[in-house]
Amino acid sequence: EDQVTQSPEALRLQEGESSSLNCSYTVSGLRGLFWYRQDPGKGPEFLFTLYSAGEEKEKERLKATLTKKESFLHITAPKPEDSATYLCAVLNSGGGADGLTFGKGTHLIIQP
Amino acid sequence: DTAVSQTPKYLVTQMGNDKSIKCEQNLGHDTMYWYKQDSKKFLKIMFSYNNKELIINETVPNRFSPKSPDKAHLNLHINSLELGDSAVYFCASSQVYGQGEQFFGPGTRLTVL
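Now for a description of the structure that goes with this document.

**Focus on the sheet that holds strand β3 (residues 19-25) of chain B**
Residue and element names in this part refer to chain B.
Line of reasoning, step 1. If you walk across this open sheet you meet the four strands as β1-β3-β8-β7, and the pairing is antiparallel. Each having just a single partner strand, β1 (4-7) and β7 (64-67) make up the two edges of the open sheet. If you compare each strand with its neighbour and ignore which way they point, the axes differ by 20° on average.

Given below as C-alpha cells:
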C-alpha cells in the first residue's frame, strides 16, 4: 500500500527565515509526486509535479526536489502570505480509485 | 468563474437522513474525483469517474454513490448518514484520467448530528 509521511507536522518561522519541509514516500511504482498548498477553509491548490529522482521545480520562494525515497519543499525567505498547510501526494500505482494518496501535511506559519 | 464549484458549502443533518452534494467543473476535464478530509485533516480518495467508468475505493461504504448526469458534473449521494460521515468532502477534476495535477473545489463541510 502506498504511504506518504510528512514532517514536521507544524512549523513556525520568522519572516525571512528559510527552511525545508520533508515528504517521505513508499510506493510500488511512482507515477509522480505532487505538492499542494491548502489555505484554511479552501481546497488544495496544485503547486508542483516531480516524476524522477534528481528533478527540481521552482516557483517564487518555493523549490521542490525529489530523491528515490523523499521529497523536500524548500522555502526561501518566506513571507506571511506563505502561511498554509503544504500537502505532499503520490499517484496510486494501481487500484484504490487511482486518485492521489496524500500525507497529513505540514502546517506552516510565517510570523511577521 | 470558479473552475470547480460545490454546493452546499455547509450541510448539517440528522443521523439516518439521505443527502446530496453537487459538483460542477467548467474546465472541460475528462475525470472527476471525490475526496474525504476527516477531522485530522487527512485527505482520502473515495471515487474517480472517467468517461462513464466509476472506480471506487474499496474502503468506501456502499451508502455513498456518485452520479454523473454529464461530463461536467459529479454529484455525491449519501444514504442513511452516520456520525462518522462528518467531514469535509472535496470534489476535484483532472484533464485526463490518472493525472496528479488536480483542481479542487472549495469543499463541503458535512456535520451529522
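Still more ground to cover, so stick around.
**Comments concerning the interface of chain A and chain B**
Line of reasoning, step 1. Opposite the 19 residues of chain A that make contact, chain B presents 25 residues.
Line of reasoning, step 2. Summed over both sides, the interface between chain A and chain B buries roughly 1600 Å², with carbon and sulfur atoms accounting for 58% of that surface.
Line of reasoning, step 3. Inspection of the chain A/chain B interface yields zero salt bridges.
Line of reasoning, step 4. Between chain A and chain B we count six residue pairs in polar contact (both at pLDDT 80 or more) in total.
Line of reasoning, step 5. For the side of chain A that touches chain B, the elements supplying multiple residues, two or more each, are β4 (33-38), β9 (84-91) and β10 (100-102) of chain A.
Line of reasoning, step 6. No other element matches β4(A), which puts three residues into the side of chain A that touches chain B.
Line of reasoning, step 7. Its residues assigned to classes, the side of chain A that touches chain B shows nine nonpolar, six polar and four charged.

**Notes on the state of the cysteines**
Residues and elements named next belong to chain B.
Line of reasoning, step 1. Taken as a whole, this structure holds two disulfides over all chains when the rule is applied.
Line of reasoning, step 2. Across a sulfur-sulfur distance of 1.8 Å, Cys23 and Cys91 are joined as a disulfide pair. Taking the sign of the S-S torsion, about -75° here, the bridge from Cys23 to Cys91 comes out left-handed. On the criterion of sequence distance, the pair formed by Cys23 in strand β3 and Cys91 in strand β9 (residues 87-94) is long-range, its members being 68 residues apart. We note that Cys23, like Cys91, is buried.

Calculation criteria
- Residues numbered from 1 in each chain as written.
- Chains lettered and ligands numbered in written order.
- Predicted model: local features only at pLDDT ≥ 70, side-chain atom pairs only at ≥ 80, totals over all residues.
- Heavy atoms only, no water.
- Pairing = 2+ DSSP bridges.
- Helix = DSSP H or I, 4+ residues; strand = E, 2+ residues; numbered from the N terminus.
- Axes fitted to C-alpha atoms, helices over the stretch in contact; angles between N-to-C directions.
- Contact = heavy atoms within 4.5 Å.
- Buried area = accessible area lost by both parts, 1.4 Å probe.
- Salt bridge = Lys/Arg side-chain N within 4 Å of Asp/Glu carboxyl O.
- Polar contact = N/O pair within 3.5 Å; in protein donor to acceptor, adjacent residues only side chain to side chain.
- Nonpolar A, V, L, I, M, F, W, Y, C, P; charged D, E, K, R; others polar.
- Disulfide = S-S within 2.5 Å.
- Buried < 20%, exposed > 50% of the residue type's maximum accessible area, 1.4 Å probe, protein only.

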